[in-house]
Amino acid sequence: MSTCATASRDLSEPLAGTAATARTWLLIEQPGPWGADALTSSRLEPALGRALEKAAEPHGVRVALIRRPARTADCREPAARRVFAAHTLPGGSWIRTAEITDPAHLSELDFAALGAGDERGLRGPYDWRPYLGDPLVLVCTNGKRDRCCALLGRPLAAELAASDAAAVWEITHIGGHRFSPTLVVLPYGYAYGRATATAVREAVEAVREGRIVTDGCRGRSAWERPAQAAELAVRELTGEKGADALMVLRTEGAAPSWTVTVGHLDGRQWWVAVERGAADPPRPESCGSPLGTPARMDVTGVYEVAAERPERARDEVCRNGGPQPAFLTNSVV
């Protein structure tokens, strides 16, 4: 039986620059079934789901439902449920958690503050505490959204939970069904696609040590997609594994071309050229959808530049006739 994930894998569609974008995540435990738009089609009050999404989205906060693996048939409404808030920007990543009895109080959160990484946005009657457990692994399993997430995500989540490899939760939707099984690891917010249990364990162990595994990585959710691709390209070029070693300093341009400046803690900077391409030949972006050519983020040039003179990189590219269709590692000083 052909699926969107099978087609994407067979066509070797690249993963970089495909992660959901969210500087901050708000994760609400909600057992039971989820619909395609889970915030408004689950046992969570639909009006609350709509209100939270509307309040959060303008500030870079992504709201999602989570549940423990293999407990989808639980029809009881929990007396108390776990909630997590996680901020993912480098140098300021954190996770806070609370046990709540009435999700309606989540509407009291200050989403502007949370999107900026300010924990004081965690308002309301609940006791929000630092989360001190294992990295959170959020595996997309919502079969109502796409059958690949159920067919491939649920077995992975169950296997990881059974092995106690990490703190594993199922999540409603993180985009990119065709890369299933797909997941996000917090606190750093790196997403992975076509994941295996072995690869996830390696990624979790790296996070415990403050490192990042780039194999199968889709990008860091804190960045927009061109910047996700740019940051991963610099990691590939330099071999840098430190989770917080790189920062996206700025993104210039507009679709289909961007220039992204990536900085290192040691002062180095890179100018990265990113082009939006089309994933040919046509393939389904989701199971049941018509054939299409989903956007892809192609890195066409990477230049190391002197921090005080980044314009020299642009001049060098212009002299070369524009970005070239391969990695460029020229040092421009």
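Quick caveat, the model's predicted, so the values are computed rather than measured.

About the cut-offs
- Residues numbered from 1 in each chain as written.
- Predicted model: local features only at pLDDT ≥ 70, side-chain atom pairs only at ≥ 80, totals over all residues.
- Heavy atoms only, no water.
- Buried < 20%, exposed > 50% of the residue type's maximum accessible area, 1.4 Å probe, protein only.
- Helix = DSSP H or I, 4+ residues; strand = E, 2+ residues; numbered from the N terminus.
- Pairing = 2+ DSSP bridges.
- Core = buried A, V, L, I, M, F, W, Y, C linked by side-chain atoms within 4.5 Å.
- Contact = heavy atoms within 4.5 Å.
- Phe/Tyr/Trp six-rings, centres within 6.5 Å; stacked < 30°, edge-to-face > 60°.
- Lys NZ or Arg CZ within 6 Å of the ring centre and 35° of its normal.

Hey, could you run me through the pairing of strand β8 (residues 183-186) in this one?
Put simply, side chains in a regular strand alternate between the two faces of the sheet. Of the two faces of β8, both are covered, the one formed by Leu183 and Val185 as well as the one formed by Val184 and Leu186. Bridge analysis of strand β6 (residues 136-140) against β8 gives 4 bridges, and the strand direction is antiparallel. Each bridged residue has a counterpart across the sheet, and for Val139 the counterpart in β8 is Leu183. Looking at chain direction, β8 and strand β9 (residues 190-192) are connected through 3 bridges and run antiparallel. The partner of Val185 across the bridge, within β9, is Tyr190.

How should the nonpolar core be read in this particular structure?
Soluble globular proteins: nonpolar side chains tend toward being buried together. Among the nonpolar cores identified, the biggest contains 25 residues, and Val137, Val139, Leu156, Leu160, Leu183, Tyr192 and Val200 are the most heavily contacted of them. Elements represented by at least two residues in this core include exactly β6, α4 (147-162), β8, β9 and α5 (197-208). No other element matches the 6 residues that α5 contributes to this core. Of all hydrophobic cores here, the second largest spans 24 residues; its members include Ala38, Leu39, Val63 and Ala85.

Just checking my understanding: could you explain the sheet that holds strand β10 (residues 217-220) for this structure?
Within a beta sheet, neighbouring strands are joined by backbone hydrogen bonds and run either parallel or antiparallel to one another. Strand order in the open sheet formed by 10 strands is β5-β4-β3-β1-β2-β7-β6-β8-β9-β10, with mixed pairing between adjacent strands. At either margin of the open sheet sits one strand with a lone partner, and together these are β5 (129-130) and β10. Relative to strand β2 (residues 61-67), strand β1 (residues 24-29) is paired through 6 bridges, and the arrangement is parallel. Bridge assignment links Trp25 to a residue of β2, and that residue is Arg62.

Even after reading the chapter, I still don't get the environment of Ile174, so can you show me in this structure?
Within the secondary structure, Ile174 is located in the loop between β7 (167-171) and β8. Each C-alpha atom of the pair Ile174 and Thr141 lies 9.7 Å from the other, and the pair is 33 residues apart in sequence. Once residues lying within four places of it in the same chain are set aside, the contact partners of Ile174 are Ala20, Trp25, Arg62, Leu138, Cys140, Thr182, Leu183, Val184 and Arg218.

Would you mind going over the packing of aromatic side chains with me for this structure?
Ring pairs (aromatic) are described by centroid distance and by the angle formed between their planes. In total, this model carries 3 aromatic pairs according to the counting rule given. Both rings, one in Phe84 and one in Trp169, keep their centres 5.7 Å apart while their planes meet at 75°; by these two values the pair is edge-to-face. Taken together, the residues span a long stretch of sequence, with Phe84 in strand β3 (residues 81-87) and Trp169 in strand β7 at a distance of 85 residues. Taking the relative accessible area as the measure of exposure, Trp169 reaches 2% and is therefore buried. Taking the centre distance of 6.0 Å and the plane angle of 55° together, the rings of Trp271 and Tyr303 count as tilted. In this pair, Trp271 sits in strand β13 (residues 269-278) while Tyr303 sits in strand β16 (residues 295-305), placing the two residues 32 residues apart along the sequence. Side by side, Trp271 and Tyr303 carry an identical accessibility label, which is buried. Here the aromatic cluster, defined as three or more aromatic residues joined through ring pairs, consists of Phe84, Tyr131 and Trp169. Over the ring of Trp34 we find Arg67; its NZ or CZ atom is 3.6 Å from the centre of that ring.

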